[in-house]
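One letter stands for each residue in the lines below.
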Amino acid sequence: MTKKTVIEKIWENHVVSREEGKPDLLYIDLHLVHEVTSPQAFEGLRMNGRRVRRPDLTYATMDHNVPTINRHIVNDPISKTQMETLKQNCREFGIELADIDHPDQGIVHVIGPQLGLTQPGKTIVCGDSHTSTHGAFGALAFGIGTSEVEHVLATQTIWQKQPKTLQIKVNGKLGFGVQAKDIILAIIAKFGVNAGTGYVMEFTGEAIRSLSMEQRMTICNMSIEAGARAGLVSPDMTTVEYLRGRRYAPQGEEFEAAAKAWLALASDEGAEYDKTLEIEAAEIEPQLTWGTNPAMGSGISGVVPSPEQFEREADKESVRHALEYMGLQAGMKLTEIPVDYVFIGSCTNSRLSDLRAAAEIAKGRKVQDHVTAIVVPGSQTVKQQAEAEGLDQIFINAGFEWRESGCSMCLAMNDDIVPPGKRCASTSNRNFEGRQGSGARTHLVSPSMAAAAAVMGRFTDVRELAGVNQ
Amino acid sequence: MEPINQFTGTVCPINRANIDTDQIIPKQFLKRIERQGFGQFVFYNWRFDDDGNKRKDFILNDPQFADAEILVAGENFGCGSSREHAPWALLDYGFRVIIAPSYADIFYNNSVKNGILAVKLTDEEVETLLQKSSAPGFKLHINLEQQSVSDDSGFTAHFDIDPYWKKMLLNGWDEISVTLSDEDRIRQFEEKVYGKQYS
């Protein structure tokens with residue numbers, strides 16, 4: 001029997017048609033929808049008199065635009081229109097929607113797993129590049145554009161060329177104070193922002209196996225920042241136990257049968273990949289980006305590099321430009337960089353374990369006076385769970401603002417914006433120019449590194465603070 | 001979408017790698033519910049300063065380049081967000097062809113689906129075109145059928161393109177109609193997996 005990767009197994013289970021000279025037509029098991037990338041797709045259906053083929057496999061929420069202070073005051077009329085439009089579209093086409101008043105509302109990539117909609121072996125799409133998050137379950141999950149959203153709504157299928165497979169092996173054990181975010185930032189810094197272009201990544205190795213589901217989600221979430229449309233982890237007992245009892249997961253005997261099938265999807269021992277890259281977990285320290293793409297980063301003990309360190313002229317130019325935008329000088333220690341804003345949230349790092357990690361650092365400390373720090377839980381459920389544990393009080397006592405769930409300051413489509421020239425320690429996924437606001441300077445970090453930056457007023461090696469609490 | 005085969009246009013170079021979709025169309029302009037009208041916002045933060053005045057040092061603000069229809073840029077063009085607003089904005093502004101050494105996967109798909117031809121050339125060829133096109137008025141001829149790019153002074157290059165994408169672009173097909181024209185195979189798959197059909 002041919003040995004196969006989880007990627008090939010899922011792919012083959014979903015091929016509707018395969019013809020020479022064409023991509024494969026793949027069936028989609030779960031289509032997640034949000035307010036920003038869907039209006040034109042629904043409009044297209046209406047114009048052509050088409051319906052949604054599988055509303056039962058489609059689930060919608062609103063997250064990108066939603067306010068995080070008072071949920072019912074949407075200041076921007078265009079945001080409001082977009083949210084209203086989603087409501088109308090879901091009503092018209094019979095799609096289940098967790099709207100702003102719904103207890104399940106949250107960031108689409110937080111609620112899919114939380115509800116048990118995300119399951120191993122599924123093909124999952126959403127008009128959002130961070131759909132790769134769901135790969136943590138051993139699902140083939142990738143972001144699509146609005147034309148593709150319309151295509152999936154109308155046909156429940158998508159044309160896709162079978163991707164090449166890329167194994168990213170994280171060997172050994174993680175050091176003290178190092179989180180999943182640090183692993184993925186280190187991978188991107190080492191291999192670059194287009195290392196995964198044309199590939200689906202599978203994360204393997206001892207360090208990955210030891211991670212919780214939420215940590216795996218953080219890693220798969222940022223596969224796209226390394227160029228891979230999808231990244232995944234083979235299902236194992238951690239996956240199965242996470243899904244047990246979740247609302248949309250199979251229940252009772254059906255669950256046991258499903259679990260058996262899920263485990264069988266894991267990549268076969270000795271399966272071949274088109275490419276393998278390796279990294280040693282022990283070498284990874286808490287990470288920080290200094291530039292304007294996620295590969296422009298290093299361990300916290302590092303310094304801001306000089307453009308002259310780079311070989312290619314194009315890279316020198318990019319780094320020169322990035323340092324100018326970021327207002328940084330080559331040679332500066334990363335721990336000397338001050339912060340003005342701290343954002344803990346986003347589809348990368350807004351789950352309960354992320355908030356716990358940040359709270360552990362915040363506990364008994366105070367946010368520096370010049371720093372504005374906000375914590376935005378990934379969903380209403382995460383918010384409630386955190387409140388039940390008293391995390392909200394820890395944050396509030398330390399001087400953080402405790403907000404309602406949504407995408408928030410990750411992309412600043414609502415009112416949560418970093419002002420021009422201000423510097424933000426952010427647990428999100430993109431440090432692109434203008435991402436958190438025009439002229440805003442973003443540094444990507446883990447939740448505990450973000451909390452450490454808030455209480456110190458500058459970037460700090462979190463291991464120094466964590467040690468004190470132990 | 002509009003078919004494309006032979007196309008001649010003036011060229012604008014943006015010599016940067018990893019131009020992400022947040023640069024092509026910043027998020028504050030994603031709130032419209034239409035497909036049209038995004039061209040005015042393309043590369044907004046590079047074209048305009050915080051007060052909305054045109055930045056003099058950005059090439060698209062140079063009247064000699066403002067009407068360009070072909071964009072030449074560095075590798076990994078269109079990385080980042082899946083927003084289709086990026087190709088909508090480029091197309092609405094007037095770009096029909098992009099030339100770069102490589103593209104982010106989602107952006108590439110999104111472009112084809114809107115009738116934008118995203119041509120992949122080698123690093124050296126793109127470098128040559130970046131230099132040549134820094135002189136205003138530089139024109140390129142694109143022939144999709146022949147898979148060629150050429151200028152009036154001896155530059156020619158061949159590019160590869162997936163035969164399926166090529167056919168879609170040449171014919172300007174609507175992919176949903178193509179898929180639904182053979183709906184039986186979807187029904188058969190559903191019958192096999194779900195034990196029932198959904199149409």
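By convention here, each chain's residues receive numbers from 1 onward along its written sequence. Here the convention is simple: chains get letters from A, ligands get numbers from 1, in the order in which they are written. Owing to the predicted nature of the model, reporting of local features is limited to residues with pLDDT of at least 70; listing and counting of side-chain atom pairs is limited to 80 or more, with chain, interface and lining totals taken over all residues. Derived side-chain values reflect all non-hydrogen atoms in the structure, with water molecules and hydrogen atoms excluded from consideration.

Undergrad: Which parts of the structure should I look at to understand the overall build of chain B?
TA: Within chain B, the regular secondary structure consists of eight helices and seven strands. Overall, the C-alpha framework of chain B stretches about 60 × 45 × 25 Å when taken along its three principal axes. Think of it in three bands: with a 1.4 Å probe and only protein chains considered, a residue is buried below 20% of the maximum accessible area for its type, exposed above 50%, and partly exposed in between. Taken over 199 residues, chain B has a buried fraction of 57%. The long-range fraction of contacts in chain B, counting pairs at least 24 apart against all pairs at least 6 apart in sequence, stands at 64%. Surface summary for chain B: the accessible area is close to 8,200 Å², and the carbon and sulfur share equals 45%. For chain B, the centre of its 21 positive side-chain charges and the centre of its 31 negative side-chain charges are spaced 4 Å apart. The numbering of helices and of strands both runs from the N terminus, where a helix is a DSSP run of H or I of at least 4 residues and a strand a run of E of at least 2. Residues count as neighbours in contact if any of their non-hydrogen atoms are within 4.5 Å of one another. In this description, accessible areas are obtained by the Shrake-Rupley approach with a 1.4 Å probe, and a residue is regarded as covered only by the protein chains that are shown. Here Asp and Glu are counted as negative and Lys and Arg as positive; His is not counted, and neither are the chain ends. For this purpose, a charge sits on NZ of Lys, CZ of Arg, CG of Asp or CD of Glu.

Undergrad: Just checking my understanding: could you explain the sheet that holds strand 8 (residues 157-160) of chain A for this structure?
TA: Sheets are built from strands that pair by backbone hydrogen bonding, the pairs being arranged parallel or antiparallel. All names here are of chain A. Here, a strand pair is defined by DSSP locating no fewer than two bridges between the strands. Ordered by their spatial adjacency, three strands build an open sheet running 1-2-8, and the pairing between neighbours is antiparallel. Both outer strands of the open sheet, strand 1 (15-17) and strand 8, are each paired with one neighbouring strand and no more. Neighbour-to-neighbour, the strand axes of the sheet open up by a mean angle of 40°, direction not taken into account. Of the pairings in the sheet, the one linking strand 2 (residues 24-27) to strand 8 comprises four bridges and is antiparallel in character. Looking across to strand 8, one finds that Leu26 is bridged to Ile158. On top of the sheet, helix 5 (residues 146-155) reaches strand 2 and strand 8; it is set at about 130° to strand 8, its chief contact. Orientation is described by axes fitted as lines to C-alpha atoms, over the contacting stretch for helices, and by angles from 0 to 180 degrees between their N-to-C directions.

Undergrad: Just to check I follow, could you spell out helix 3 (residues 85-93) of chain B for this structure?
TA: Three or four residues apart is the spacing at which side chains of an α-helix point the same way, because the helix has 3.6 residues per turn. Within the span of helix 3 of chain B, buried status applies to B:His85, B:Ala86, B:Pro87, B:Trp88, B:Ala89 and B:Leu90. Following helix 3 of chain B by one or two positions, B:Gly94 has its phi on the positive side, about 130°.

Undergrad: Which parts of the structure should I look at to understand the interface of chain B and chain A?
TA: Reports often express the size of an interface as the amount of accessible area lost when the parts come together. Taken residue by residue, the interface counts 51 residues in chain B and 69 residues in chain A. What counts as buried area is the accessible surface, traced by a 1.4 Å probe, that two parts surrender upon association, with contributions from both included. Taking both partners together, chain B and chain A bury about 5,000 Å²; carbon and sulfur atoms supply 51% of that area. The rule for a salt bridge is simple: a side-chain nitrogen of Lys or Arg has to be within 4 Å of a carboxyl oxygen of Asp or Glu. Remark: the boundary between chain B and chain A carries 11 salt bridges. With a closest N to O distance of 3.6 Å, A:Glu433 and B:Arg16 form a salt bridge. Two N or O atoms count as a polar contact when they lie within 3.5 Å, although within protein this holds only if one can serve as hydrogen donor and the other as acceptor, and sequence-adjacent residues are included solely when both atoms are side-chain atoms. For the pair chain B and chain A, the interface holds 38 residue pairs in polar contact (both at pLDDT 80 or more). Of all the elements in the fold, those that place two or more residues in the side of chain B that touches chain A are helix 1 (21-24), helix 2 (44-47), helix 3, helix 4 (105-112), helix 6 (163-171), helix 7 (175-180) and helix 8 (184-194) of chain B. The element best represented in the side of chain B that touches chain A is helix 8 of chain B, accounting for six residues. Throughout, the ten residues Ala, Val, Leu, Ile, Met, Phe, Trp, Tyr, Cys and Pro are labelled nonpolar, Asp, Glu, Lys and Arg are labelled charged, and all others, Gly among them, are labelled polar. For the side of chain B that touches chain A, a count of residues per class yields 15 nonpolar, 15 polar and 21 charged.

Undergrad: Can you help me understand the side chain of A:Arg54 in this one?
TA: One can find A:Arg54 in the loop between helix 2 (39-47) and strand 4 (58-61). With near-sequence residues (within four places) excluded, A:Arg54 lies in contact with A:Tyr27, A:Gln156, B:Glu190, B:Tyr194 and B:Tyr198.

Undergrad: How should I be thinking about the sheet that holds strand 18 (residues 423-426) of chain A in this particular structure?
TA: Residues and elements named next belong to chain A. The five strands lie next to each other as 17-16-15-18-19, forming an open sheet whose pairing is parallel. Either end of the sheet is taken by a strand with one partner, and the two such strands are strand 17 (401-402) and strand 19 (441-444). The pairing of strand 18 with strand 19 spans four bridges and is classified as parallel. If you follow Arg423 over to strand 19, its bridge partner there is Arg441.

Undergrad: Explain the confidence of the model for chain B here, please?
TA: Detailed conclusions should not be drawn from predicted coordinates in areas where pLDDT is low. For chain B, the average pLDDT comes to 95, and 100% of its residues sit at 70 or higher. As a predicted assembly, this complex carries a pTM of 0.96 together with an ipTM value of 0.92. The predictor rates its confidence in each residue with pLDDT, a number between 0 and 100.

Undergrad: I'm lost on the nonpolar core in this one. Help?
TA: Nonpolar side chains in soluble globular proteins tend to end up buried together. Think of a nonpolar core as a cluster: buried Ala, Val, Leu, Ile, Met, Phe, Trp, Tyr and Cys residues, connected wherever their side-chain atoms sit within 4.5 Å. By size, the foremost hydrophobic cluster in this structure holds 122 residues, and its most contacted members are A:Phe400, B:Phe43, B:Phe77, B:Leu90 and B:Ile99. Here this core takes seven residues from helix 15 (residues 447-456) of chain A, the largest share from any one element. Among residues more than four places away in sequence, those in contact with B:Ile99 are B:Ile70, B:Leu71, B:Val72, B:Ala73, B:Val119, B:Leu121, B:Val126, B:Leu129, B:Leu140, B:Ile142 and B:Val149. Counting 41 residues, the second-largest nonpolar core is a separate cluster that includes A:Phe137, A:Leu166, A:Leu185 and A:Phe203.

Undergrad: How should the environment of A:Val376 be read in this particular structure?
TA: All names here are of chain A. Here Val376 shows up in the loop between strand 16 (372-375) and helix 13 (380-388). Owing to a relative accessible area of 0%, Val376 belongs among the buried residues under this scheme. Residue contacts for Val376: discarding those within four places in its chain leaves Thr68, Phe343, Ile344, Gly345, Ser350, Arg403, Glu404, Ser405, Gly406 and Ser408.

Undergrad: What is the right way to read the packing of helix 2 of chain A against helix 5 of chain A from this model?
TA: For any two helices packed against each other, the geometry is given by the interaxial angle and the distance between the axes. All names here are of chain A. Two elements in contact, helix 2 and helix 5, have axes separated by 8 Å at closest approach and are oriented at 50°. Compared by their axis directions, helix 2 and helix 5 come out oblique. Once helix 2 is placed against helix 5, the crossing between them reads as right-handed. Here Gln40, Ala41, Phe42, Gly44 and Leu45 of helix 2 lie close against helix 5, whose contacting residues are Thr146, Val149, Glu150, Leu153 and Ala154. Throughout, the term roughly parallel applies to angles under 35 degrees, roughly antiparallel to angles over 145, roughly perpendicular to angles from 65 to 115, and oblique to all others. Each crossing is labelled by how the near helix is turned from the far one, with a counterclockwise turn of less than a right angle marking it left-handed and a clockwise turn marking it right-handed.

Undergrad: Whenever I open this one, the packing of aromatic side chains confuses me. Can you help?
TA: We describe a pair of aromatic rings using the distance from one ring centre to the other and the angle between the two ring planes. All names here are of chain B. Only Phe, Tyr and Trp rings are paired, with Trp represented by its six-membered ring, and only when their centres lie within 6.5 Å; those with planes under 30 degrees apart are stacked, over 60 edge-to-face, the remainder tilted. Inspection of every chain in the model, using the stated rule, returns 23 aromatic pairs over all chains. Ring geometry for Trp46 versus Phe58: centroids 5.9 Å apart, planes at 55°, classification tilted. You can see Trp46 sitting in helix 2 and its partner Phe58 sitting in the loop between helix 2 and strand 2 (70-73), a full 12 residues away along the chain. With relative accessibility at 7%, the residue Trp46 sits in the buried group. Taking relative accessible area as the criterion, Phe58 reaches 10% and is therefore assigned buried.

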